[in-house]
Structures are given as structure tokens and as C-alpha cells.
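The residues making up each chain are set out below.
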Amino acid sequence: MRDDIKQLCASRYKDINGQPFQLTDGQAEIFEIIAKRKYPRTHCITFTQYGKSDTVSMAVLTRITTFPEKWAIVAPSNKKARIIMGYIIGHIFDNEYTMAMFEIDKGESMDRIRRERSKEHLTFRHPDGRIGEVFTVSSEGKRIKDLLDALMGIGAPNIIIDESSLIDDIQYAGIFRM
């Protein structure tokens, strides 16, 4: 089941031990839903330590390096949003393809980015000059109006909402308006 997805992931990405990343069937399904944009909306619930964040990171990285798309990772706090972004940053360096497309800002080094894993915006330049990008957004805030203005002002056609059950209904509605 989903052998093509598992093979793609294993050929591009590495696990924590530097070995080809081996997706389970469930992880392959999550990866495929995102990487192939299979459905306009998907709700995914898994138990803790399932590997959802890492799987999502590889799928989003595959999308932004294959298509010039804009992706937002929204979470109830910056700390939670950085979890998926940290995995994305880690996987950039797993293969030459993603590393070659990754644009580093002036004054930054690959080693620093790899070590700190704290960037909030990543850009990938495609051979035709178009750009794929991913950024994080936090829904935390004290004043709902300011928060909604900030969320809707950013905008992205592709959104990953992590820990959505921890986001208030009004903020959740604002995210969908992005």
C-alpha cells in the first residue's frame, strides 16, 4: 500500500539516524494527502509520538520544492508552530535537490540554520525563477481583533493548522479567511 509514496520519502529524506526515512502506512497516507493535494480540506487526528509533525514537514517540503506554492503553518503558539518548521529545516539538508533550491538570507549560513532551526520563513527558488515558500504563524494574542487582522493580512492558499483544538473558534475562523 502506497509503496510509491514510501519510496519517494525514503529516497529524499532521512530519519534521525541518517537512514532513509521509512513511513508507516498511516504516515504514507498523511504524506500523500498533502504532497498530492488530494483533498481541499483534511482533518488528521493521531496519537502523540505518531510522527505526524515529521511526516507533514516532509510533505510540505516536497510541495514547495516541486511547485511554487505558499504554505502557512499555523499553531496556537510560536513554540508549537516551530516544531513542524524545525523538521522542515532539518530535512532541507537530507538531499541535494532541496538544498540546492533553498535560499539563504544575507548574513546567514547553512550551519547556523541547521543548528538553530528557528526560522519563521523559508524560500525555495525553482529553476524557472518562481518561488515556493513556507512560514509559521501563531494564533496566540491578547486582543482578538489585532490577531485576526494579523492572520488575515498574511494570507496563504495552503494552510497546515497544528494543534487546532487549542485554537479559539474566532481565531480558527480567521485562519480560514487567510
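A few points on the structure. (Residues numbered from 1 in each chain as written. Predicted model: local features only at pLDDT ≥ 70, side-chain atom pairs only at ≥ 80, totals over all residues. Heavy atoms only, no water.)

## Remarks on the side chain of Glu-69
Argument step 1. Tracing the backbone through its elements, the reader meets Glu-69 in the loop between α3 (52-66) and β1 (70-75).
Argument step 2. According to the relative accessible area criterion, Glu-69 is buried, its value standing at 16%.
Argument step 3. At 2.9 Å, the side chain of Glu-69 forms a polar contact with the side chain of Trp-71.
Argument step 4. Excluding residues within four positions of it along the chain, Glu-69 makes contact with Arg-63, Ile-64, Ile-131, Gly-132, Glu-133 and Asn-158. (Helix = DSSP H or I, 4+ residues; strand = E, 2+ residues; numbered from the N terminus. Buried < 20%, exposed > 50% of the residue type's maximum accessible area, 1.4 Å probe, protein only. Polar contact = N/O pair within 3.5 Å; in protein donor to acceptor, adjacent residues only side chain to side chain. Contact = heavy atoms within 4.5 Å.)

## Things to note about the pairing of strand β5 (residues 158-161)
Argument step 1. Side chains of β5 alternate between two faces, with Asn-158 and Ile-160 buried and Ile-159 and Ile-161 left unburied.
Argument step 2. Two elements, β1 and β5, share four bridges in a ladder whose sense is parallel. Looking across to β5, one finds that Ile-73 is bridged to Ile-160. (Pairing = 2+ DSSP bridges.)

## Comments concerning the pattern of salt bridges
Should their charged atoms come close, side chains of opposite charge can pair.
Argument step 1. A full pass over the atoms with the stated rule returns 13 salt bridges.
Argument step 2. The residue Arg-2 makes a salt bridge to Glu-29 at a minimum N-O spacing of 4.0 Å. Placement of the pair is Arg-2 in the segment before α1 (3-12) and Glu-29 in helix α2 (residues 25-35), with a sequence separation of 27 residues.
Argument step 3. Taking relative accessible area as the criterion, Arg-2 reaches 18% and is therefore assigned buried.
Argument step 4. In this structure, Asp-128 and Arg-130 form a salt bridge, with 2.8 Å as the shortest nitrogen-oxygen distance.
Argument step 5. Given the relative accessible area of 48%, Arg-130 is considered partly exposed. (Salt bridge = Lys/Arg side-chain N within 4 Å of Asp/Glu carboxyl O.)

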